[in-house]
Amino acid sequence: MVVETPGSQSSLHRANLERVVRAVRLAGSLTQAEIARTTGLSAATVSNIVRELRDNGTVQVTPTSSGGRRARAVALSGDAGVVVGVDFGHSHLRVAVGNLAHQVLAEQSEPIDVDASASEGFDRAEQLVARLIESSGIGADKVIGVGLGVPGPIDVETGALGSTAILPGWGGINPRQELAERLRMPVQVDNDANLGALGELVWGGGRGVKDLAYIKVASGVGAGLVIDGRIYRGPGGTAGEIGHITLDESGPVCRCGNRGCLETFTAARYVLDLLRGSHGPDLTLARMVQLGREGDPGCRRVIADVGRHIGMGVASLANLLNPSRVVLGGDLAEAGELVLAPLRESVARYAIPSAARRLSVVSGGLGARAEVLGALALALSEVGDSTLLDANVPAAVAVS
Ligand SMILES: [Zn+2]
């Protein structure tokens, strides 16, 4: 007969607590039946653990319905802690504060010339974070993590920029270290395309799917890939460089040195030149989309061509990875069907039918907020379940 030592029993119990907290933390909210399915624990065990976590203040339980039946929704307790998201774009800084129940408590964005000076950018970020934490009425000691987005390739392990050509004013700066020292908080970092993917997955157009590609068209074109619920970065962190798929070997010379990359047919820096002769030198991607929606035939033509070319890249992606959803982000997503219809046509033409059939192509649901909400989701995904339990258990002991 095997005699269980008290130690092994309690460590098993602790492991089960952490499994339930992790499942709820990643999903935002789950019914008890969903927790059982996600964790593989029995319904009775889940019920006991949820009661314990509720009593010590780690989770909150609210009545809901699931498939027409009464159920109980379990979410991390809103006041168990908050996370902060900081997103640097080339021309904006956006900060959000959210709680562990996946509610956004405060959010603000400011115009900024990020390329000009890194220290000015970080000064502004530090001030905005402090202001938003104060305005949401939370003590700074409640912040348990920060997610940081930068508009270029970054090594998520070291926090160093992969290329200073993207952000010339940031030479010699490690963005993760810089922000962590200024805020005196743990910081996780990733590029804007990966955070857009994470934002749409948790809060927007990718909710409920496990495999998706987020494609962002801006001055360049990038993709964030989610495979089986997780961001796929590859060993060098460069996965998702869809902008440099070759579409035409004798096409225009790309900034990467090759010719006819997808980017040369789709990115703002190339396609706006097609319209500047007829629409003036100050045309932006957002303005082109607005004019297209108002019926401007030249803008409509360019938007449709961009859609068709992105569709060729998406077809390759569909054949290789078979995602169930592609979410289009950035200013171009605002063009709606003007860009999505030609994009889908291309996918139907160039992808193998079995991959194309299962793929839905949609506009992002978050617009310009996708990256900062992705930064919140990144911070949430890195919060240790053990930290959460330890943060709450002593409080329960104190009141009981
Ligand atoms: Zn290229």
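Residues numbered from 1 in each chain as written. Predicted model: local features only at pLDDT ≥ 70, side-chain atom pairs only at ≥ 80, totals over all residues. Heavy atoms only, no water.

### Details of the coordination of the zinc ion
Move 1: At the metal site, the zinc ion is ligated by His244 (ND1), Cys254 (SG), Cys256 (SG) and Cys261 (SG), and these contacts range over 2.0 to 2.3 Å.
Move 2: Coordination at the zinc ion is tetrahedral, judged from the four donor atoms that bind it and the angles of 105 to 122 degrees they form at the metal.
Move 3: We classify Cys254 as buried; its relative accessible area is 5%.
Move 4: You can call Cys256 partly exposed: its relative accessible area is 40%. (Donors = N, O, S within 2.8 Å, 3.2 Å for Na, K, Ca; no water. Tetrahedral: all angles 85-135°; square planar, octahedral: opposite > 155°, others 65-115°. Buried < 20%, exposed > 50% of the residue type's maximum accessible area, 1.4 Å probe, protein only.)

### Notes on the packing of aromatic side chains
Move 1: Summed over all chains, the structure comprises three aromatic pairs.
Move 2: Consider the rings of Phe88 and Phe122, whose centres lie 5.2 Å apart with planes at 65 degrees: the pair is edge-to-face. Placement of the pair is Phe88 in strand S4 (residues 82-88) and Phe122 in helix H4 (residues 118-135), with a sequence separation of 34 residues.
Move 3: Residue class for Phe88 comes out buried when judged on its relative accessible area of 0%.
Move 4: On the basis of relative accessible area, Phe122 is assigned to the buried category, the value being 0%.
Move 5: Ring geometry for Phe88 versus Trp170: centroids 5.2 Å apart, planes at 90 degrees, classification edge-to-face. Pair noted here: Phe88 is in strand S4 and Trp170 is in the loop between strand S7 (143-150) and helix H5 (175-183), with a separation of 82 residues, a long-range link. (Phe/Tyr/Trp six-rings, centres within 6.5 Å; stacked < 30°, edge-to-face > 60°. Helix = DSSP H or I, 4+ residues; strand = E, 2+ residues; numbered from the N terminus.)

### A few points about the sheet that holds strand S3 (residues 69-76)
Move 1: Across the sheet, which stays open at both edges, the three strands sit in the order S1-S3-S2 with antiparallel pairing between neighbours. Each having just a single partner strand, strand S1 (29-31) and strand S2 (59-66) make up the two edges of the open sheet. Going from strand to strand, the sheet's axes swing by 35 degrees on average, the running direction of each strand aside.
Move 2: Where S2 lies against S3, eight bridges are found, and the strand directions are antiparallel. By the bridge assignment, Val61 is partnered in S3 with Val74.
Move 3: With respect to the sheet, helix H2 (residues 32-39) is in contact with S1 and S3, its orientation differing from that of S1 by roughly 95 degrees. (Pairing = 2+ DSSP bridges. Axes fitted to C-alpha atoms, helices over the stretch in contact; angles between N-to-C directions. Contact = heavy atoms within 4.5 Å.)

### Topic: the domain arrangement of the protein
Move 1: The assigned domain composition of the protein is domain 1 (9-77), domain 2 (82-196 + 373-381) and domain 3 (206-365).
Move 2: Inter-centroid distance (C-alpha atoms) of domain 1 to domain 2 is 31 Å.
Move 3: Buried surface at the junction of domain 1 and domain 2, both sides included, amounts to about 500 Å², of which 53% is carbon and sulfur.
Move 4: Counting across the interface, domain 1 meets domain 2 through zero salt bridges.
Move 5: Our count for the contact surface shared by domain 1 and domain 2 stands at three residue pairs in polar contact (both at pLDDT 80 or more). (Domains from an automatic or database assignment. Buried area = accessible area lost by both parts, 1.4 Å probe. Salt bridge = Lys/Arg side-chain N within 4 Å of Asp/Glu carboxyl O. Polar contact = N/O pair within 3.5 Å; in protein donor to acceptor, adjacent residues only side chain to side chain.)

### A word on a nonpolar patch on the surface
Move 1: A cluster of nonpolar residues, Ile227, Tyr232, Leu320 and Leu321, forms a patch on the protein surface that exposes about 400 Å² of accessible area.
Move 2: With respect to the secondary-structure elements, Tyr232 resides in the loop between strand S11 (230-231) and helix H7 (263-266).
Move 3: Tyr232 sits in the partly exposed class, given a relative accessible area of 41%. (Patch = residues over 30% accessible without salt bridge, like charges linked within 9 Å, V, L, I, M, F, W, Y side chains within 5 Å. Areas by Shrake-Rupley, 256 points an atom, 1.4 Å probe, with all protein chains shown as cover.)

### Considering the environment of Ser47
Move 1: Within the fold, Ser47 resides in helix H3 (residues 43-55).
Move 2: Residues Ser47 and Pro297 lie 250 residues apart in sequence; the distance between their C-alpha atoms is 60 Å.

### Description of the UniProt feature "domain: DUF7343" (unreviewed entry) in the protein
Move 1: Those places that UniProt annotates as "domain: DUF7343" (unreviewed entry) correspond, in this numbering, to residues 16-60.
Move 2: Helix makes up 73% of residues 16-60 and strand makes up 11%, while its end C-alpha atoms are separated by 18 Å. (UniProt positions renumbered as here; feature names shortened; annotations may be inferred.)

### What about the sheet that holds S4?
Move 1: With mixed pairing, the five strands of this open sheet are ordered in space as S6-S5-S4-S7-S8. Two strands bound the open sheet, and with one partner strand each, they are strand S6 (104-111) and strand S8 (187-191). Between one strand axis and the next, the sheet turns by 15 degrees as a mean value, whatever way the strands run.
Move 2: Strand direction decides the pairing type here: strand S5 (residues 92-99) and S6, joined by seven bridges, are antiparallel. Residue Val97 lies in a different strand from S6, and its bridge partner there is Ala106.
Move 3: Set on the sheet, helix H6 (residues 192-203) makes contact with S6, S7 and S8; between it and S8 the angle comes to about 105 degrees.
Move 4: Across the sheet, helix H13 (residues 370-382) touches S4, S5, S6, S7 and S8, and the angle it forms with S4 is around 140 degrees.

### A closer look at the pattern of salt bridges
A side chain of one charge can pair with a side chain of the opposite charge when the charged atoms of the two come close.
Move 1: One pass over the full model with this rule turns up 19 salt bridges.
Move 2: Measuring nitrogen to oxygen at the nearest pair gives 2.9 Å for the salt bridge that ties Arg301 to Asp305. You can see Arg301 and its partner Asp305 sitting in helix H10 (residues 297-321), four residues apart, about one turn around the helix.
Move 3: The exposure class assigned to Arg301 is exposed, which follows from its relative accessible area of 53%.
Move 4: We note a salt bridge from Arg308 to Asp305, for which the minimum N-O separation is 2.3 Å.

### Re the pairing of S4
Move 1: With seven of seven residues buried, S4 lies mostly within the body of the structure.
Move 2: A two-sided burial pattern is seen for S4, the buried positions comprising Val82, Val84, Val86 and Phe88 on one face and Val83, Gly85 and Asp87 on the other.
Move 3: Between S4 and S5, which pair antiparallel and follow one another directly, the connecting turn spans three residues.
Move 4: In this structure, S4 lies alongside S7, joined through six bridges in parallel fashion. Residue pairing for S7: Asp87 is matched across the bridge by Gly149.

### A look at helix H9 (residues 285-293)
Residues separated by three or four positions in an α-helix point in the same direction, a consequence of the helix having 3.6 residues per turn.
Move 1: By the burial criterion, the buried members of H9 are Leu285, Met288, Val289, Leu291 and Gly292. Taken down its axis, H9 places every buried residue within 165 degrees of arc, on the same side.
Move 2: Tucked into the core, H9 has its buried residues touching strand S9 (212-217), helix H8 (268-279), H10 and helix H11 (337-350).
Move 3: Backbone geometry just after H9 places Gly295 at a positive phi near 110 degrees. (Arc of directions from axis to C-beta.)

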